[in-house]
Amino acid sequence: MSPPVAPPGWSRWLVPPAALSVHLSIGQAYAWSVFKPPLESALGLSGTQSALPFQLAIVMLGLSAAFGGTLVERNGPRWAMTVALICFSSGFLVSALGAATEQYWLIVLGYGFVGGIGLGIGYISPVSTLIKWFPDRPGMATGIAIMGFGGGALIASPWSAQMLESFGSDHSGIALAFLVHGMSYAVFMTLGVLLVRVPRPVEPAAAGGPGGAAGVQVSARTAVRTPQFWCLWVVLCMNVTAGIGILEKAAPMITDFFADTSTPVSVTAAAGFVALLSAANMAGRIGWSSTSDLIGRKNIYRVYLGVGALMYALIALVGDSSKPVFILSALVILSFYGGGFATIPAYLKDLFGTYQVGAIHGRLLTAWSTAGVLGPLIVNWIADRQEEAGKHGSSLYTASLVIMIGLLVVGFVANELVRPVHARHHHVPAPREAADAPADTTTGSATGSTTDVAGARPQQPESA
C-alpha cells in the first residue's frame, strides 16, 4: 500500500484528527483495570493473573513497534493504521470468545498478543508523519496524537463500567462487552485510515510547514548504537514503570486505600477515578509536550522525574489520610507519565533528526514493553504477598510506592547524562532518498529543529 500523498492545498490540520481516531481507540488499554475485578470474580483469578492480558499487550506493543517501525516508515501511515485496526479489533473478538467459553488463555491471546500488536503498530503509525507535517512544533504535534492514547480510557472506562452494569459482570456479560468494543473501535479507526495523508516533498522547506530534511540525521541502525539512545531507553523505562503499575491497578488501589476509613470508595467512584487519571494523562500529553517546545526536552524530563518522585513520596506518607491529597498527587503523576510519552518522539527528533525517527521511536518502545511487565508485576505481586501476610488498606502498596520513587531517581540521573549525538553518527541521505520521501518515508521531509535537547541554540556536537 503506497503512502497517500496530500494533494495541493491539503490542510495539515486534517492529519491530527486521523491520528486521534486511532489513538483514542487503542487508548482503551488504560481502562483495563475496570475489567480486573469482574474477571477475578467470574474466572477465579488473582490480581497478578488478571493483569496478564494488559502486561502482554504492553510487551507486544513495544516488540511490534520495534520490529515493525521500519515497515511503518516504508509503507506509510495508512498501511500501519489498517494493520492496527485489524489486530486491535480482532483481539477483542478473540477475547469475547474466551470470556464466553470461560477460557482465560483466549483472553490473554486475544487482548494481550493479537491486540497488543495492534497497539504497537497503531501507536507509532502517525508519529513520523505528524513530525513531518509540523517541523516547527514537533512537541505539540506528537502531543496531539499521543494525547488520544492517554485519553482513550476517559471514554472507555465509564463506557466499559456501564456495559458491565447493563450486561452483567459474569463471564457472558464480559464477553458481550468485549464484542461491542471490538466492533465499535473497528468503525472509529476506519476514519483515520481514510483521512490520513503524508506531506508532499518541498525543496527547500517552507517556513512553518513540511519540507526537506536538514540538520542532524541519524539512521535507526546507528541510533541504537549510541549512548544517547540507551539513556533515553532508561528514562522512558523508569518513568513508565513508575506510572503504569499504579495505573493498571488504579480502580482497586483507591478502593483499598480508603477501605478502612469513614468514606470508602464505591466501584462506580473507582471507575470515575480511572477516568480522571485518563484525563490527566491526556492533558499532560498535549500540555507538557507543548511546554517542551519552549523550555527544552531535558528540562521537561527533569520535571517529570524529579517532581514525580516527590508526588509518590507524598502519597506514601499522607495519601491514606487525605483523599484530596491522594487524588491530586495521582493526577499530577499521571500528567507527567503521559507527558513523558508525548515528549519522547520530539526528544528523539532533536537528537537524531527526522530521518527514520519513526523506526527509532519504535525501537525505543521496547522500554515500554519492559515497563509493562515490571510495573504491574511489582505492584500486584507485592500487594498479593502483603494480603497473604494479613495486611490490608494502604499498607498493601507502601513498598511499591518506595520502589517507584527509586526508579524515578534512576531515570532522572539517566536524563542528566544525555548529550548531543557526535557528528560521526550523522547520516546524509542520498539525493534519490530525499526525492523519494513520499514513497520511502524513512527519509525525513521536515526541517530539523534549531534547538538542542535542552532547548538552547545548537552548539558544536560533543563526543559521547
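Residues numbered from 1 in each chain as written. Predicted model: local features only at pLDDT ≥ 70, side-chain atom pairs only at ≥ 80, totals over all residues. Heavy atoms only, no water.

**Comments concerning the overall build of the protein**
Part 1 of the argument: Across its full length, the protein holds 19 helices and 0 strands.
Part 2 of the argument: Considering the protein as a whole, with its 464 residues, one finds that 57% of them fall into the buried category.
Part 3 of the argument: Residue pairs in contact within the protein that sit at least 24 positions apart in sequence constitute 85% of those at least 6 positions apart.
Part 4 of the argument: Accessible area of the protein: about 16,400 Å², with a carbon and sulfur share of 67%. (Helix = DSSP H or I, 4+ residues; strand = E, 2+ residues; numbered from the N terminus. Buried < 20%, exposed > 50% of the residue type's maximum accessible area, 1.4 Å probe, protein only. Contact = heavy atoms within 4.5 Å. Areas by Shrake-Rupley, 256 points an atom, 1.4 Å probe, with all protein chains shown as cover.)

**Comments concerning the packing of helix H14 (residues 297-318) against helix H15 (residues 323-352)**
Relative orientation and spacing of two packed helices are given, respectively, by the angle between their axes and the distance between those axes.
Part 1 of the argument: Close contact between H14 and H15 brings their axes to 9 Å; oriented N to C, the two are set at 160 degrees. One finds that H14 runs roughly antiparallel with respect to H15. Between H14 and H15 the crossing geometry is left-handed.
Part 2 of the argument: Taken together, the residues of the contact of H14 with H15 break down into 19 nonpolar, 5 polar and 3 charged. (Axes fitted to C-alpha atoms, helices over the stretch in contact; angles between N-to-C directions. Parallel < 35°, antiparallel > 145°, perpendicular 65-115°, else oblique. Left-handed = near helix turned anticlockwise from the far one by under 90°. Nonpolar A, V, L, I, M, F, W, Y, C, P; charged D, E, K, R; others polar.)

**Focus on the environment of Gly296**
Part 1 of the argument: Here Gly296 shows up in the loop between helix H13 (267-295) and H14.
Part 2 of the argument: Take Gly296: its relative accessible area is 2%, and that puts it in the buried class.
Part 3 of the argument: In this structure the C-alpha to C-alpha distance between Gly296 and Gly139, which are 157 residues apart in sequence, comes to 9.6 Å.

**What to know about the packing of H15 against helix H16 (residues 357-364)**
Part 1 of the argument: As a packed pair, H15 and H16 sit with axes 10 Å apart at the nearest point and diverge in direction by 125 degrees. By the criterion of interaxial angle, the relationship of H15 to H16 is oblique. As for how H15 packs across H16, the hand of that crossing is right-handed. Listed contacts from H16 to Ile344, Pro345, Leu348, Lys349 and Phe352 of H15 are Val357, Ile360, His361 and Leu364.

**Some thoughts on the packing of aromatic side chains**
Part 1 of the argument: Throughout the structure, instances matching the rule amount to 28 aromatic pairs.
Part 2 of the argument: Arranged with centres 6.2 Å apart and planes meeting at 50 degrees, the rings of Phe257 and Phe258 form a pair that is tilted.
Part 3 of the argument: A residue is classified by how much of its surface remains accessible, and Phe258, at 3% relative accessible area, is buried.
Part 4 of the argument: Joined through ring pairs, the aromatic side chains of Trp32, Phe35, Phe88, Phe92, Tyr111, Trp159, Phe178 and Tyr185 make up one cluster.
Part 5 of the argument: Lys323 extends its terminal NZ or CZ atom over the ring of Phe258, reaching a point 5.4 Å from the ring centre. (Phe/Tyr/Trp six-rings, centres within 6.5 Å; stacked < 30°, edge-to-face > 60°. Lys NZ or Arg CZ within 6 Å of the ring centre and 35° of its normal.)

**Structural notes on a nonpolar patch on the surface**
Part 1 of the argument: On the surface, Leu93, Phe167, Leu176, Leu179 and Met183 cluster together to form a nonpolar patch covering roughly 420 Å² of accessible area.
Part 2 of the argument: Counting residues per element, the nonpolar patch draws most heavily on helix H9 (residues 171-195), at 3 residues.
Part 3 of the argument: By the secondary structure assignment, Leu176 is in helix H9.
Part 4 of the argument: The partly exposed category is assigned to Leu176, whose relative accessible area is 37%. (Patch = residues over 30% accessible without salt bridge, like charges linked within 9 Å, V, L, I, M, F, W, Y side chains within 5 Å. Salt bridge = Lys/Arg side-chain N within 4 Å of Asp/Glu carboxyl O.)

**Describing the confidence of the model for the protein**
Part 1 of the argument: Looking at the protein, the pLDDT average stands at 83 and 87% of residues meet or exceed 70.
Part 2 of the argument: Confidence drops under pLDDT 50 across residues 203-209; counting only partners more than four residues distant or on other chains, this segment forms 9 contacts.
Part 3 of the argument: Throughout residues 430-464 the model reports pLDDT below 50, and contacts reaching past four residues in sequence, or to other chains, amount to 87 contacts. (pLDDT = per-residue confidence, 0-100.)

**Description of the environment of Tyr304**
Part 1 of the argument: Mapped onto the secondary structure, Tyr304 falls in helix H14.
Part 2 of the argument: For the pair Tyr304 and Asn239, spaced 65 residues apart in sequence, the C-alpha separation works out to 8.0 Å.
Part 3 of the argument: In this structure the side chain of Tyr304 is engaged in a polar contact, spanning 2.8 Å, whose partner is the side chain of Thr343. (Polar contact = N/O pair within 3.5 Å; in protein donor to acceptor, adjacent residues only side chain to side chain.)

**Description of the pattern of salt bridges**
Part 1 of the argument: Scanning the entire structure with this criterion turns up 7 salt bridges.
Part 2 of the argument: Where Glu40 meets Lys36, a salt bridge forms, and the shortest distance between an N and an O atom there is 3.8 Å. One end of the pair, Glu40, and the other, Lys36, are both in helix H2 (residues 36-43), 4 residues apart, so they sit about a helical turn from each other.
Part 3 of the argument: Residues Glu388 and Arg385 are paired through a salt bridge, measuring 2.8 Å at the closest nitrogen-oxygen approach. Residue Glu388 and its partner Arg385 are both found in helix H17 (residues 366-388); the two are separated by 3 residues, about one turn of the helix.
Part 4 of the argument: A relative accessible area of 60% means that Glu388 is categorised as exposed.
Part 5 of the argument: Classification of Arg385 as partly exposed rests on a relative accessible area of 30%.
Part 6 of the argument: Sharing partners across several salt bridges, the network here consists of Arg12, Asp136 and Arg137.

**What about the side chain of Gln228?**
Part 1 of the argument: On the secondary structure map, Gln228 appears in helix H11 (residues 227-248).
Part 2 of the argument: The class for Gln228 is buried, based on a relative accessible area of 3%.
Part 3 of the argument: At 3.0 Å, the side chain of Gln228 and the backbone oxygen of Pro420 are in polar contact.

**Overview of the nonpolar core**
Part 1 of the argument: Judged by nonpolar contacts, the single largest core of 120 residues is most densely connected at Tyr123, Phe178, Tyr337, Phe341, Phe352 and Trp368.
Part 2 of the argument: Setting aside residues up to four positions removed in sequence, Trp368 forms contacts with Tyr30, Ile58, Leu61, Tyr123, Phe149, Val240, Ile244, Tyr337 and Phe341.
Part 3 of the argument: In terms of nonpolar packing, the next biggest core, distinct from the first, is built from 10 residues, Val15, Trp133, Phe134 and Ala145 among them. (Core = buried A, V, L, I, M, F, W, Y, C linked by side-chain atoms within 4.5 Å.)

**Observations concerning unusual backbone geometry**
Part 1 of the argument: You will see that Glu102, though not glycine, has its phi angle at about 60 degrees, which is positive.
Part 2 of the argument: Of note, Glu102 is situated in the loop between helix H5 (77-101) and helix H6 (104-124).

**Describing H2**
Part 1 of the argument: Taken residue by residue, H2 has Lys36, Pro38 and Leu39 as its buried positions. The buried residues of H2 occupy one face: seen down the axis, they fall within an arc of 165 degrees.
Part 2 of the argument: Phi turns positive, to about 65 degrees, at Gly44, one or two residues after H2. (Arc of directions from axis to C-beta.)

**Some points on H16**
Part 1 of the argument: Among the 8 residues of H16, 7 are classified as buried, and the element is accordingly described as predominantly covered.
Part 2 of the argument: Burial in H16 covers these residues: Val357, Gly358, Ala359, Ile360, His361, Gly362 and Leu364.

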